[in-house]
Each structure stands twice: as structure tokens, then as C-alpha cells.
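# Coordinate analysis (summary)
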Amino acid sequence: MPWKNQGGGPWGSGPKGPWGSGPQPVGPRPPDLEDLLRRGQDRLQQIMPGGYFSGIGITLVVLLIAAFWLLSGFFRVQSEELGVVLRFGKHVRTVQPGLNYHLPYPIETVLLPKALRVNTLSIGMTLIDDPARRGRSVRDVPEESLMLTGDENIVDVDFTVLWRIKPDGVGDFLFNIQNPEGTVKAVAESAMREVIGRSQIQPILTGARNVTEQGVQELIQKTLDTYGAGIQISQVQMQKVDPPAQVIDAFRDVQAARANLEQLQNEAQTYANQVVPQARGRSAQILQAAEGYKEQAVAEAKGQSARFLKVYEEYKKAPDVTRERIYLETMERVLGGSEKLIYDGGQSGQGVVPYLPLSELTAKRPPTAGQPSSGGTR
């Protein structure tokens with residue numbers, strides 16, 4: 001049996017249904033969409049006299065569309081980006097970070113690569129999430145890190161490559177290579193294997209890391225420039241350089257033995273550096289003393305010979321006088337440093353005691369240089 005909700009119906013007055021009171025209004029009612037559209041059309045007709053399809057209306061619509069189309073050419077380049085403007089798909093210019101403008105689509109479009117950001121690429125190791133440590137842990141990748149050296153040894157190398165896009169090579173970066181990160185990784189691994197293959201294992205493990213890193217960086221850059229990749233290699237860092245895990249204990253023993261050998265060699269060299277100069281100094285001292293004695297002896301011999309020749313010349317002139325002079329000088333030299341007691345054994349000396357220690361009457365004097373050490377009493 002149909003019923004009408006007018007005048008309350010059979011269940012009473014008011015807007016009630018057969019199950020009680022009807023829906024109660026809660027808050028403001030939403031606006032009617034059809035009413036809004038109708039009001040907008042009315043206002044648009046007031047702005048455009050003559051209707052939508054009049055000349056003025058069509059012109060206004062075209063102008064509005066053209067304005068929105070022209071305004072769509074504004075774009076913003078972030079701090080780590082560079083804007084690459086393409087005109088019908090061809091690279092025409094590169095713009096710096098900030099607010100810029102290009103001709104609207106489809107005339108010109110823009111690409112925004114992260115050209116000013118330095119990218120990090122790890123080779124020989126990978127970072128994995130570690131829930132136990134609430135962070136990331138490093139896992140070795142042997143197929144990338146194990147390399148053969150020039151002396152037929154195997155070394156485990158983990159290294160990192162820092163790279164960025166060249167400011168003047170953004171177009172090459174976007175259009176010449178398809179997978180930039182994969183390309184850099186392949187080229188870096190190949191360059192590292194080539195440099196390691198030309199080197200000995202000992203310098204790589206000790207003091208040649210800087211040389212190896214520089215050689216790898218130059219080789220990577222040269223290869224990428226050949227590809228026209230538009231990539232600049234900032235730095236190559238060797239993180240870990242060790243022998244393989246299977247032989248690392250034996251290798252460390254060998255390294256310890258070599259370290260002991262070098263220590264002993266250094267100690268021996270230090271001792272040699274100390275002893276050899278001392279021996280050379282003593283030998284030089286002995287040679288100088290011998291040279292001095294030689295010069296002294298030669299000079300004295302020459303002086304004696306010259307004196308003898310002078311005396312001989314005088315002797316030839318006056319032999320008796322010279323002989324007497326020589327005798328007197330000799331006696332003076334001999335008796336000058338000796339103790340002398342003169343005893344006159346004449347008749348006045350008959351009262352002398354037969355035994356008299358004459359040598360004790362005078363004090364002994366020490367002998368002077370060039371004179372006899374002891375002399376008798378006369």
C-alpha cells in the first residue's frame with residue numbers, strides 16, 4: 001500500500017516515515033553543485049556580452065589559454081640540479097639553479113639531473129641492513145674484490161669511487177650513456193684490475209696506496225672521456241687491501257718475519273754507521289801523527305846536518321880553535337848537570353878521613369832535559 005509523506009501520513013503529522021521520525025538535519029547542508037555551475041554560467045555570460053560563441057568571448061578564452069600556456073614555461077632548478085633545456089628534443093642550453101624559463105611544451109622541455117651532487121660508488125663491498133645492530137653492515141663481494149697482482153698473488157681490494165657530472169657535460173651524461181652508475185662501476189673495476197695487475201703485492205699492501213689510487217683515477221677518467229660520458233671522477237679511495245681470508249694468517253707470519261728482518265738490518269746499519277766513522281777517525285789520527293813525526297824527524301835531521309856542515313866549515317878554517325871549542329862545549333854540556341866535588345889532594349889534605357861519603361854532602365838535584373840522569377863525584 002503506497003503512502004505519501006505529506007502532512008504526516010497515517011502515523012501523524014510531520015516528515016516521518018513508517019519507522020518513526022524522519023532524518024534530522026545535522027549542521028549546514030552542502031551546496032548544490034548544479035546550483036554553483038548555473039551561477040558560474042550566469043556570471044560568465046555577464047562578463048562576455050553576446051554569449052560564449054561571440055567574437056569577444058572567443059578572444060578572451062583564447063587569451064586566457066595562451067596566458068596559462070606561456071606561464072607553464074616557468075620552472076625551478078634546485079641547488080643540486082642543473083636544468084637541461086631541450087628544443088624539440090635537441091639540447092640547446094644548460095641553466096643554473098634558481099627560477100628559469102623555457103618555451104612552453106611542446107616547443108621546449110627541461111630535464112633536471114642531479115649534476116652538482118657527488119655520488120659514492122662502492123666496489124668489492126656492499127651495505128646491507130642489519131636489524132640486530134639497528135643499522136647497516138658491510139658485506140664483502142669476492143667476485144668484485146679478488147684481483148691478481150703482477151707477481152701472481154691474489155689480493156682482496158675494496159675501494160670507493162666518488163664521481164659527479166661535469167658542469168659542461170650534462171648533455172653527454174643524459175644522451176651518451178644509458179646506465180651511468182653501472183658504467184662507472186664497470187670501468188672502475190676494470191681500471192683497478194689493470195693497475196693491480198701491473199703492480200707487486202708488497203708495495204700495494206704497504207706504501208703504494210696513493211700511487212695506486214692516482215693511477216686508477218686517471219685510467220677511469222681517460223676511459224669515461226673516451227666514451228663521452230660527461231662524468232668527472234673526484235677521488236678513488238682504497239678502503240681495504242688484504243690477502244684472501246684463506247691465507248691471511250700465513251701472510252701475516254711472513255710479514256712479521258720481514259719486519260724482524262728489516263729491524264735487524266736497521267740495527268746492523270746503525271752499528272756500522274757508528275763504528276765505521278770512529279775507525280776512520282782513529283786511522284786519520286794515526287796517519288796525521290805519523291806525518292807529524294816524519295816532518296819533525298826530517299826537520300831535525302836537516303838541522304843537525306846543516307849545523308854539522310857549519311861546524312865543519314869553521315873547523316877547516318881553524319882546526320885547533322874549533323877542536324878546543326868543541327871540547328869545552330862538550331864538557332860544559334856533560335858537567336853542567338852533574339854533581340861536582342873538587343878535592344885538592346895536596347900536602348894540606350893529610351888530615352882527611354879516609355872514608356867520606358862525599359855524595360851525601362850535597363842534595364841531589366833532578367836531571368835536566370838532555371843531560372845524564374846521574375853523575376859521579378869528582
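Residues numbered from 1 in each chain as written. Predicted model: local features only at pLDDT ≥ 70, side-chain atom pairs only at ≥ 80, totals over all residues. Heavy atoms only, no water.

## Remarks on the sheet that holds strand β5 (residues 90-95)
Keep this limit in mind: Note on pairing: two strands pair once DSSP finds at least 2 bridges between them. Helix numbers and strand numbers start at the N terminus; a helix is a DSSP run of H or I with at least 4 residues, a strand a run of E with at least 2. All axes here are fitted lines through C-alpha atoms, helices being fitted over the stretch that makes contact, and every angle between N-to-C directions spans 0 to 180 degrees.
Pairing within the open sheet is antiparallel, and its three strands lie in the order β5-β4-β7. Edge positions in the open sheet fall to β5 and β7 (108-111), since each of these has one partner strand only. When the angles between neighbouring strand axes are averaged without regard to direction, this sheet yields 30°. Two elements, strand β4 (residues 83-87) and β7, share four bridges in a ladder whose sense is antiparallel. Opposite V84, over in β7, you have L111 as the bridge partner.

## What about the pattern of salt bridges?
In a structure, side chains of opposite charge can pair up when their charged atoms sit close to one another. Definition in use: Salt bridge, as used here, is a side-chain nitrogen of Lys or Arg placed within 4 Å of a carboxyl oxygen of Asp or Glu. Think of it in three bands: residues with accessible area under 20% of the maximum for their type are buried, residues over 50% are exposed, and the middle band is partly exposed, with areas taken using a 1.4 Å probe on protein chains only.
For the structure on display, the rule yields nine salt bridges. Between D156 and K240 there is a salt bridge, with the nearest N and O atoms lying 3.4 Å from each other. One end of the pair, D156, is in strand β12 (residues 154-165); the other, K240, is in strand β13 (residues 231-242), and 84 residues separate them in sequence. For D156, a relative accessible area of 7% translates into the label buried. Look at K240 and you get partly exposed, because its relative accessible area is 28%.

## Observations concerning the packing of aromatic side chains
This is how the line gets drawn: Pairing of aromatic rings covers Phe, Tyr and Trp, the last counted by its six-membered ring, and requires centre-to-centre distances within 6.5 Å; plane angles under 30 degrees mean stacked, over 60 mean edge-to-face, and any other angle means tilted.
Across all of its chains, the model carries one aromatic pair by this definition. A centroid spacing of 6.4 Å and a plane angle of 40° characterise the contact between W163 and F173, whose relative ring orientation is tilted. Of this pair, W163 sits in strand β12 while F173 is found in helix α4 (residues 170-175), placing the two residues 10 residues apart along the sequence. F173 carries the same exposure label as W163, and that label is buried.

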